[in-house]
Amino acid sequence: MKQKLAKLAFVIPAYNEEETIVPTLIDVKKNFAGAPVFVINDGSEDKTRELAKKYGAHVLTHVINRGLGAALATGITAAVEKSDANIIVTFDADLQHTGKDVRSLIEPILKNKADAVIGSRFLRKEDLELMPHTKKIGNLVLTKITNFLTGTEITDSQSGLRAFTREAAEKILIESDRYEVSSEIIHELSGHGFRIKEVPIKAIYSPRSATKGTNIKSGIHILLGMLAKKIGLKARYVK
Amino acid sequence: MGAELAFSWLQFIGVVLAGAIFYYSKMLYKKGNFKRKDFWIWGGFSILLIVASIIPTFFNFIFALFTRRTLDTLLIFGLLVSFGLIFQVYVRLQQTNKDVTELVRKVALKFEEYKKSSRKRK
């Protein structure tokens, strides 16, 4: 089977990540030198913007904080419009992910076996043990609901490490501003009939990153957002 | 006697409240912050409230169609109107949120383009 040639672009949403943005960028550049990296500085009040600029990222600044979903949508739009990448990778700025995992992440796309790949923390037992218990339970519940509403069989619906083909990135419509975005992306991908695959990834939790991400409040928002999308209260397939 | 006094105070509060709503609706309409439709809704509502406050029995013929007790009808009507207004505010808030995000995104994308061109000039 003929493999695609990988032209990657990275989308890294960042809100007050001055402590971790530099090692994140170094890690990405070490593994994928030359790939454009779009850092979306989502209204940070620290030095995230200056540091990302200094370390060679294309910095797009949200003048006020709009949330993870809004930042991802800006980043994906920028990656599509401002680069010639054929694979777009979303990557967290809190050192949770490693650049090494991106190689296995893009593999199914390169082999033309998937249009979108999600890095799952639930496929290997040893990776799962690293996740804090509260996150594990919340993630399992949200993943079950996401699968029920979208007809998918994902194991980690809230993962921030994803790869899309350019076509998939162009077609998905992100309307959620906050953490609902992870489930919304899966909903959009399955709604458009894109092939979704998962690969195991290792997530590293620092005391800081363990407190970030989805909580009960955002979990309820995710659920309501999904239901609204399901019953057609939110626009679909219009860009 | 006490009940009559309380009623007259209620009428007074009704007139003042309705007058304030009418004044602010007109002011917001003049400044362009209110659409014509909003002015008619709120202006009309305040005029009805003024009439009902000055002549409390004025709308009895309408309420008599639904129930014998005017107060019950008024409360039910008030609740329904409140729900409607909350819904309207919610819808507008969502729309405003969406507009703000779009604006912030446009600024972010444009800002990056500007940086690129300034780098080229060097």
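Here, every reference points to the structure presented above.
Report follows, based on the coordinates. On a predicted model such as this, the values are computed, not experimentally measured, just so you know. (Residues numbered from 1 in each chain as written. Chains lettered and ligands numbered in written order. Predicted model: local features only at pLDDT ≥ 70, side-chain atom pairs only at ≥ 80, totals over all residues. Heavy atoms only, no water.)

1. Observations concerning the interface of chain B and chain A
For step 1, the next point in the chain: Counting residues at the interface gives 14 residues for chain B, matched by 18 residues for chain A.
For step 2, the next point in the chain: A buried area of about 1,400 Å², summed over both sides, lies between chain B and chain A, and 56% of it is on carbon and sulfur atoms.
For step 3, the next point in the chain: When the buried area of chain B at its contact with chain A is split by residue, V104, R105 and L109 of chain B rank highest and sum to 34% of it.
For step 4, the next point in the chain: Inspection of the region where chain B meets chain A yields one salt bridge.
For step 5, the next point in the chain: Notably, a salt bridge pairs E175 of chain A with K98 of chain B, separated by 3.9 Å at the nearest N-O pair.
For step 6, the next point in the chain: Where chain B touches chain A, the interface holds six residue pairs in polar contact (both at pLDDT 80 or more).
For step 7, the next point in the chain: Considering only residue class, the side of chain B that touches chain A consists of six nonpolar, two polar and six charged. (Contact = heavy atoms within 4.5 Å. Buried area = accessible area lost by both parts, 1.4 Å probe. Salt bridge = Lys/Arg side-chain N within 4 Å of Asp/Glu carboxyl O. Polar contact = N/O pair within 3.5 Å; in protein donor to acceptor, adjacent residues only side chain to side chain. Nonpolar A, V, L, I, M, F, W, Y, C, P; charged D, E, K, R; others polar.)

2. Some details on the nonpolar core
For step 1, the next point in the chain: Ranked by size, the top nonpolar core spans 30 residues in total, and within it L8, F10, I12, I21, V39, V89 and V102 of chain A carry the most contacts.
For step 2, the next point in the chain: The element contributing the most residues to this core is helix α4 (residues 99–110) of chain A, with five residues.
For step 3, the next point in the chain: Not counting residues within four places of it along the chain, the set of residues in contact with I12 of chain A comprises I21, T24, L25, V28, V37, F38, V39, I40, F91, D92 and A93 of chain A.
For step 4, the next point in the chain: Grouped together as the second largest cluster of nonpolar side chains are 26 residues, F38, I76 and L189 of chain A together with A108 of chain B included. (Core = buried A, V, L, I, M, F, W, Y, C linked by side-chain atoms within 4.5 Å. Buried < 20%, exposed > 50% of the residue type's maximum accessible area, 1.4 Å probe, protein only. Helix = DSSP H or I, 4+ residues; strand = E, 2+ residues; numbered from the N terminus.)

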